[in-house]
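Descriptive structure summary
Each chain is listed here by its residues.
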Amino acid sequence: TEAAKKALEKQKKQQQQSILRTLHSYLRQMEWNEVSELRSRARVPIITLQHRHGIQCDVSLGVSGNTHTQQVGELIALGRDAFFPLTAFIKVLLGQLKLDKPFNGGLGSYKTYVMVAFLLESMTKDSDRAMLLSKPYVDIGYYLLAFLKYYGNPANLNSHTEIQVCSACITFTQSTLVTTIQKTFASSEKMLTNALKNGIVSINGIRKTETIESAPSQITHQSSASFLALIIDAKKLKDSRGRSLEG
């Protein structure tokens, strides 16, 4: 019966919480563990950890890793060369704004992967755009703006949104920060589009106007990095990378 099923699920969750409490007590004693938190009341009980070099990971029980691993592999194959750089940048953007923790209502890695793959799949239906997904034609700036514009539209990202691609399916009913995330994408797209149009860049945190004669896809590496610094904190990113490389 339904009542028996709920009772079994409750008992299973209590067992998971008990095991994770014991494990968390042990992990807190590890020298490499800079920050850790047990979120026993989350829908899926979890321990979040951060290594002293900045590496983060989560520990949970009762979640099928094989299924997610297979789905992520499908998403990566679908996105080809555009997948990794695009998802990496989106994760940095969300992380710096504290919008990347699903247990706090944010957008986790898995949902980001699905969102990116869905967008890239939609764009590959156009044969000309599909060519950009394969080396040496991949233009990450083009896809970044497309991602921000699409998911910056409240009609495409809200608490009722459901996205299906490959064998993956995600919803945002539990993502309490989804409206903030949607507005973040919208404002970022607007800022970058305006900057490209007017030649505005950010160098060492200072906004400057730079004359760019070429098309956006032909902007130099230094200039493009300066454009992206309008929406992310480049210094914070550099410091974070430095800590992760410390021996």
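Everything below is about the structure shown above.
Residues numbered from 1 in each chain as written. Predicted model: local features only at pLDDT ≥ 70, side-chain atom pairs only at ≥ 80, totals over all residues. Heavy atoms only, no water.

Looking now at the environment of Ala195. Looking at the secondary structure, you find Ala195 in helix α7 (residues 178-198). Considered as a pair, Ala195 and Leu228 are 33 residues apart in the sequence and their alpha carbons are 9.7 Å apart. (Helix = DSSP H or I, 4+ residues; strand = E, 2+ residues; numbered from the N terminus.)

Turning our eyes to something else, we now look at the side chain of Ser175. Considering the arrangement of structural elements, one finds Ser175 in the loop between β5 (168-171) and α7. Given the relative accessible area of 5%, Ser175 is considered buried. Filtering out sequence-adjacent residues up to four positions away, Ser175 remains in contact with Gly105, Gly106 and Lys111. (Buried < 20%, exposed > 50% of the residue type's maximum accessible area, 1.4 Å probe, protein only. Contact = heavy atoms within 4.5 Å.)

What follows concerns unusual backbone geometry. For Lys98, which is not glycine, the phi torsion reads 60° and is therefore positive. Topologically, Lys98 is positioned in the loop between α3 (83-96) and α4 (109-123).

Turning our attention to helix α1 (residues 2-27). The first and last C-alpha atoms of α1 sit 37 Å apart over 26 residues, in line with the 38 Å expected at 1.5 Å per residue. Among the residues of α1, Gln16, Gln17, Leu20, His24 and Leu27 are the ones counted as buried. Next to the buried residues of α1 lie β1 (33-39), β2 (46-51) and β3 (56-60). (Expected span 1.5 Å × (residues − 1).)

The next point concerns the environment of Lys91. The topology assignment puts Lys91 in helix α3. The exposure class of Lys91 is partly exposed, given its relative accessible area of 33%. In contact with Lys91, not counting residues within four places along its chain, are Ser109, Thr112 and Tyr113. One polar contact links Lys91 to Ser109, side chain to side chain, over a distance of 3.2 Å. (Polar contact = N/O pair within 3.5 Å; in protein donor to acceptor, adjacent residues only side chain to side chain.)

Of the two faces of strand β4 (residues 162-165), the one holding Ile163 and Val165 is buried and the one holding Glu162 and Gln164 is not buried anywhere. Looking at chain direction, β4 and β5 are connected through four bridges and run antiparallel. Paired with Ile163 across the two strands is Ile170, which belongs to β5. Between β4 and the antiparallel strand that follows it, β5, lie two residues; Cys166 among them carries a positive phi value of about 55°. (Pairing = 2+ DSSP bridges.)

For the pair helix α6 (residues 140-151) and α7, interaxial distance at closest approach is 7 Å and the crossing angle is 135°. For the element pair α6 / α7, the angle class is oblique. The crossing of α6 and α7 is left-handed. Between α6 and α7, the contacting residues are Leu144, Leu145, Phe147, Leu148, Lys149 and Tyr151 on the first element and Gln182, Phe185, Ala186, Ser188, Glu189, Leu192, Thr193 and Leu196 on the second. Taken together, the residues that form the contact of α6 with α7 break down as nine nonpolar, three polar and two charged. (Axes fitted to C-alpha atoms, helices over the stretch in contact; angles between N-to-C directions. Parallel < 35°, antiparallel > 145°, perpendicular 65-115°, else oblique. Left-handed = near helix turned anticlockwise from the far one by under 90°. Nonpolar A, V, L, I, M, F, W, Y, C, P; charged D, E, K, R; others polar.)

Glancing now at the packing of α3 against α6. Orientation of α3 relative to α6, taken along the N-to-C sense of each, is 50°, at an axis distance of 10 Å. If you check the angle between α3 and α6, you find them oblique. Relative to α6, the crossing made by α3 is right-handed. For the pair formed by α3 and α6, the contact residues are Pro85, Leu86, Phe89, Ile90 and Leu93 on the first element and Ile140, Tyr143, Leu144, Phe147 and Leu148 on the second. Split into classes, the residues belonging to the contact of α3 with α6 amount to 10 nonpolar, no polar and no charged.

Now for α4. Compared with the 21 Å implied by 1.5 Å per residue over 15 residues, the 21 Å span of α4 between its first and last C-alpha is a close match. Every buried residue of α4 is listed here: Thr112, Tyr113, Val114, Met115, Val116, Ala117, Leu119, Leu120 and Met123.

In terms of nonpolar packing, the biggest core is built from 35 residues, with Met115, Phe147 and Phe185 touching the most fellow members. At the level of secondary structure, the elements contributing two or more residues to this core comprise α3, α4, α6, β4, β5 and α7. If you tally residues by element for this core, the top one is α4, at eight residues. If near-sequence neighbours (up to four positions away) are discounted, Phe147 is found in contact with Ile90, Met115, Val116, Leu119, Gly152 and Phe185. (Core = buried A, V, L, I, M, F, W, Y, C linked by side-chain atoms within 4.5 Å.)

What the rule picks out here adds up to seven aromatic pairs. Taking 5.7 Å as the distance between ring centres and 85° as the angle between the ring planes, the aromatic pair formed by Phe83 and Phe84 counts as edge-to-face. Phe83 sits in the buried class, given a relative accessible area of 1%. On the numbers, 4.8 Å between centres and 90° between planes, the contact of Tyr150 with Tyr151 is edge-to-face. Overall, the relative accessible area of 29% leaves Tyr150 in the partly exposed class. Using a relative accessible area of 0% as the deciding quantity, one classes Tyr151 as buried. Taking the ring centre of Phe172 as reference, the NZ or CZ of Lys111 above it sits at 5.2 Å. (Phe/Tyr/Trp six-rings, centres within 6.5 Å; stacked < 30°, edge-to-face > 60°. Lys NZ or Arg CZ within 6 Å of the ring centre and 35° of its normal.)

Take it as geometry only, folks, not as evidence of what the structure does.
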